[in-house]
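Examining the three-dimensional arrangement
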Amino acid sequence: MQGSTGILTGFDACFQSVQPSPRLPHTAQNAATATGRGLSNTAPVNSIQGNLGGMTDREIDRQLVERAQRGDKRAFELLVIKYQRKLARLLSRLIRDPAEIDDVSQEAFIKAYRALPSFRGDSAFYTWLYRIAINTAKNYLVSTGRRTTSTSELEGEDGENFEENELLGDWNTPEAELMSKEVMQTVNASMDALPEELRTAITLREIEGLSYEDIAGIMNCPIGTVRSRIFRAREAIAERLRPQLGTSKDRRW
Amino acid sequence: MSLDISQMMDGELDEDAARRLLASLRDNDQARTTWEQYHIIGDALRGTAGVPGRHALQQRVFAALAQEPTVLAPPARRALPARWPRYSVAAAATALAAFGLISWLSPLEAPMQQLASQQQQWQRDPAPLDMPSSNAEDPYVEAHFEVSPAIRPSVMRVGWQPDEQR
């Protein structure tokens, strides 16, 4: 099993029968099914996680925004990289055509960049971006004579809960569905190939949103081991995804 | 560096190290690729992935950004450092003490002196009541008294009754 990642060192002797399900669920949707919980309970919570002394996700965004406010466009690009999928997914609830979603996404990011001087950090960056994207989408729909969806149908109180209520499959073209399946299959296959301790660690982190300290408690091992396991899990999955991610301009995502 | 990126994304990298890492991401293409791949993996595990054409969109946004005038704005206001609340409390306490001292001393002097001299004046030369007695029944004045009954002549006269008796 270790050989599947090529980077395992076998020092995880401290892992002691966490006893997750024989095959831990990989995606949020599978996790919801396996744990008997709704998707709303499996939302990414890394935005609110952060160990004592660690820079929180919100603060990371804020640092990037401040760098962008000082003229560093490359910092804003990192925010685009981070949130483009989440934003496009949000917009897919309002707009069905993927090409139009791309247009509105681009416009929303550019509007956000232009509005950076007004961002004071009173809300999370994504919440702020979310509002801009919703308004951009509504204006687009009005300009094309289409009905707009009530925002309340899309969001929680701060717009952060939208994704939690989402299910995969809004991309309704055959090509899009195929691409989605390919991506998810690759991720699931990568997770299947991981040693159980790595799979458990990254699942507890990425899907359940637990801190390293909590994961260390659950897995009964040092925090440093948790850090190493999550990193090695990411690297192992990335290695399998790289052929799809590639570097060519026509890569799919 | 990839380990640091992984740790930072999880909110587990200390602030100083995270700041340095974010700064280094500006010009390190390999690190930026890692940033992207790790976020894609996270999105995929949470069910946000599978959105096609994302990289193409990313390149479009970058191209559009390059055409935009560079934003140069003062950083957003920062939260006060931890030591500021202590200074603020000390400053507020000092200001409150100063205000209290002034408020305590001032009424003891000027108004008291004024009252004393006024009392001496009354005793030396008791003045007739300056009351608009002839206007007391004036409807216009009455209307005003309805608004401010506390200064009705009758009330004011009562206040001076002892002097009149004396």
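Shown above is the structure to which this text applies.
**Brief notes about the overall build of chain B**
A tally of regular secondary structure across chain B gives seven helices and zero strands. Walking chain B from its N terminus toward its C terminus, one meets helices and strands in the order α-α-α-α-α-α-α. Counting all 166 residues of chain B, 32% fall into the buried class. Put simply, 38% of the contacts in chain B that link residues at least 6 apart link residues at least 24 apart.

**Description of the environment of K111(A)**
Residue and element names in this part refer to chain A. Within the element layout of this structure, K111 appears in helix α4 (residues 98-114). Sequence separation between K111 and I132 is 21 residues; the distance between their C-alpha atoms is 7.4 Å. Once residues within four sequence positions are removed from consideration, K111 is found in contact with I132, T136 and N139.

**Some remarks on the packing of helix α9 (residues 223-245) of chain A against helix α1 (residues 2-9) of chain B**
Across the interface, α9(A) lies against α1(B) with an axial gap of 10 Å and an inter-helix angle of 110°. Taken together, α9(A) and α1(B) sit at an angle that is classed as roughly perpendicular. Contacts between α9(A) and α1(B) involve R227(A), I230(A), F231(A), R234(A) and E235(A) from the former and S2(B), L3(B), S6(B), Q7(B) and M9(B) from the latter. By residue class, the composition of the contact of α9(A) with α1(B) is four nonpolar, three polar and three charged.

**Comments concerning helix α8 (residues 212-219) of chain A**
Buried within α8(A) are the following residues: Y212(A), I215(A), A216(A) and M219(A). Take α8(A) and look down its axis: the buried residues cluster within an arc of 100°, on one side only. Summarising the contacts, the buried residues of α8(A) are in contact with α7 (196-206) and α9 of chain A together with α1 of chain B. A positive backbone phi angle near 55° is found at N220(A), which sits one or two residues after α8(A).

**Brief notes about the pattern of salt bridges**
The full count for this structure, using the stated rule, is 23 salt bridges over all chains. Notably, a salt bridge pairs K111(A) with E107(A), separated by 3.5 Å at the nearest N-O pair. Within this pair, K111(A) and its partner E107(A) are both found in helix α4, separated by four residues, close to a single helical turn. R234(A) is paired through a salt bridge with E206(A); the nearest N and O atoms lie 2.9 Å apart. Of this pair, R234(A) sits in helix α9 while E206(A) sits in helix α7; the two residues are 28 residues apart in sequence, bridging distant segments of the chain. Judged by its relative accessible area of 0%, R234(A) falls in the buried class. The class of E206(A) is buried, set by a relative accessible area of 3%. The network of salt bridges with common partners includes R85(A), R205(A), E206(A), R234(A), D10(B), D43(B) and R46(B).

**Structural notes on the nonpolar core**
F76(A), L87(A), F125(A), M8(B) and W35(B) are the most contacted members of the largest nonpolar core, which has 74 residues in total. With residues near it in sequence (within four places) discarded, F125(A) still touches D61(A), V65(A), F76(A), L79(A), Y83(A) and F119(A). Judged by nonpolar contacts, the second largest core, of nine residues, contains A201(A), M219(A), C221(A) and V226(A).

**Overview of the packing of α7(A) against α9(A)**
Residue and element names in this part refer to chain A. At a minimum axis distance of 8 Å, the contact between α7 and α9 shows a crossing angle of 95°. Here α7 lies roughly perpendicular to α9, going by the angle between them. Contact with α7, carried on its side by E197, L198, A201, I202, R205 and E206, involves R229, I230, R232, A233, R234 and I237 of α9 and no other residues of that element. Tallied by class, residues from the contact of α7 with α9 come to six nonpolar, no polar and six charged.

**Concerning the packing of aromatic side chains**
Throughout the structure, instances matching the rule amount to eight aromatic pairs over all chains. Ring centres of F76(A) and Y113(A) lie 5.2 Å apart, and the angle between their planes is 65°; this geometry places the pair in the edge-to-face category. One end of the pair, F76(A), is in helix α3 (residues 73-91); the other, Y113(A), is in helix α4, and 37 residues separate them in sequence. Considered together, F76(A) and Y113(A) belong to a single accessibility category, that of buried residues. Pairwise contacts between aromatic rings join F76(A), Y83(A), Y113(A), F119(A), F125(A), Y126(A), W128(A) and Y130(A) into one cluster. If you follow K86(A) out to its NZ or CZ, it ends over the ring of Y126(A), 4.2 Å from the centre. The aromatic ring of Y38(B) is capped on one face by R234(A), whose charged end is 5.8 Å from the ring centroid.

**Things to note about α4(A)**
Residues and elements named next belong to chain A. Over its 17 residues, α4 runs 24 Å from end to end, which matches the ideal 24 Å to within 8%, given 1.5 Å per residue. Within α4, twelve of the 17 residues are buried, leaving the element largely enclosed by the surrounding structure. Residues of α4 that are buried include every one of P98, E100, I101, D102, V104, S105, Q106, A108, F109, I110, A112 and Y113, and no others.

**Some details on the environment of D214(A)**
Residue and element names in this part refer to chain A. Within the secondary structure, D214 sits in helix α8. The exposure class assigned to D214 is partly exposed, which follows from its relative accessible area of 40%. Along the backbone, D214 and L204 are ten residues apart, and their C-alpha atoms lie at a distance of 9.1 Å.

**Some words on unusual backbone geometry**
Backbone phi values are negative for most residues with the exception of glycine, while trans is the configuration of most peptide bonds. Even without a glycine there, the phi angle at N220(A) is positive, about 55°. Of note, N220(A) is situated in the loop between α8 and α9.

Here is what the cut-offs are and how they apply
- Residues numbered from 1 in each chain as written.
- Chains lettered and ligands numbered in written order.
- Predicted model: local features only at pLDDT ≥ 70, side-chain atom pairs only at ≥ 80, totals over all residues.
- Heavy atoms only, no water.
- Helix = DSSP H or I, 4+ residues; strand = E, 2+ residues; numbered from the N terminus.
- Buried < 20%, exposed > 50% of the residue type's maximum accessible area, 1.4 Å probe, protein only.
- Contact = heavy atoms within 4.5 Å.
- Axes fitted to C-alpha atoms, helices over the stretch in contact; angles between N-to-C directions.
- Parallel < 35°, antiparallel > 145°, perpendicular 65-115°, else oblique.
- Nonpolar A, V, L, I, M, F, W, Y, C, P; charged D, E, K, R; others polar.
- Arc of directions from axis to C-beta.
- Salt bridge = Lys/Arg side-chain N within 4 Å of Asp/Glu carboxyl O.
- Core = buried A, V, L, I, M, F, W, Y, C linked by side-chain atoms within 4.5 Å.
- Phe/Tyr/Trp six-rings, centres within 6.5 Å; stacked < 30°, edge-to-face > 60°.
- Lys NZ or Arg CZ within 6 Å of the ring centre and 35° of its normal.
- Expected span 1.5 Å × (residues − 1).

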